[in-house]
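Listed below are the residues making up each chain.
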Amino acid sequence: MKKVFRAIFRILMASFVLGLVTLLVTVLLIGGAIVLGRRHRRVAVGLLLAAAAFLPVSNLLFPIGTVMGDRLFYLPVAGLALAVAVLADRLRRRNARIW
């Protein structure tokens, strides 16, 4: 019986830790968009798109019942790709001035 309780406790702790990590990722995306919002508007839009698309599929608001939800992360990754592309373009332009 003791082993059963340990197994249940491990499962609950793992899901709690995953929930905290998910919440942290969402807060970081929204916080990054707020911090970068004034100076880098396109980066902020990419991060907000990623956060807005990530929040419903993260099981934070409500359980969606999908075990393997790889297909659910296409839109959040598109938002992150937009932010990275804008940052890469800015870095390329900055380096072009040097050379």
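The structure presented is a predicted model; accordingly, all values stated were derived computationally and were not measured.

Rules used throughout
- Residues numbered from 1 in each chain as written.
- Predicted model: local features only at pLDDT ≥ 70, side-chain atom pairs only at ≥ 80, totals over all residues.
- Heavy atoms only, no water.
- Salt bridge = Lys/Arg side-chain N within 4 Å of Asp/Glu carboxyl O.
- Helix = DSSP H or I, 4+ residues; strand = E, 2+ residues; numbered from the N terminus.
- Buried < 20%, exposed > 50% of the residue type's maximum accessible area, 1.4 Å probe, protein only.
- Expected span 1.5 Å × (residues − 1).
- Core = buried A, V, L, I, M, F, W, Y, C linked by side-chain atoms within 4.5 Å.
- Contact = heavy atoms within 4.5 Å.
- Patch = residues over 30% accessible without salt bridge, like charges linked within 9 Å, V, L, I, M, F, W, Y side chains within 5 Å.
- Areas by Shrake-Rupley, 256 points an atom, 1.4 Å probe, with all protein chains shown as cover.
- Lys, Arg positive; Asp, Glu negative; His and termini not counted.
- Charge placed at Lys NZ, Arg CZ, Asp CG, Glu CD.

Draft legend 1. Geometry of the pattern of salt bridges. This structure, assessed with the given rule, holds two salt bridges. A salt bridge links Arg 92 to Asp 89, with the shortest nitrogen-to-oxygen separation between them at 2.9 Å. On the criterion of helical spacing, the pair formed by Arg 92 and Asp 89 is a turn pair, its members being three residues apart in helix H3 (residues 74-98). Judged by its relative accessible area of 52%, Arg 92 falls in the exposed class. Here the salt bridges do not stand alone but share partners, grouping Asp 89, Arg 92 and Arg 93 into one network.

Draft legend 2. Spotlight on helix H2 (residues 41-57). Under the 1.5 Å per step criterion, the end-to-end length of H2 is 25 Å for 17 residues, consistent within 8% with the ideal 24 Å. The complete set of buried residues in H2 reads Val 43, Ala 44, Gly 46, Leu 47, Ala 50, Ala 51, Ala 53, Phe 54 and Val 57.

Draft legend 3. Region of the structure containing the nonpolar core. Membership of the largest hydrophobic core is limited to nine residues, which are Leu 29, Ala 33, Val 43, Ala 44, Leu 47, Ala 50, Ala 51, Ala 83 and Val 86. Those elements that place two or more of their residues in this core are helix H1 (2-36), H2 and H3. Per-element tally for this core: the top contributor is H2, with five residues. Aside from chain neighbours lying at most four places away, what touches Val 43 is Leu 36, Ala 83, Val 86 and Leu 87.

Draft legend 4. Structural context of a positive patch on the surface. A cluster of like positive charges, contributed by Lys 2, Lys 3, Arg 6 and Arg 10, occupies part of the molecular surface. Note on placement: Arg 6 falls in helix H1.

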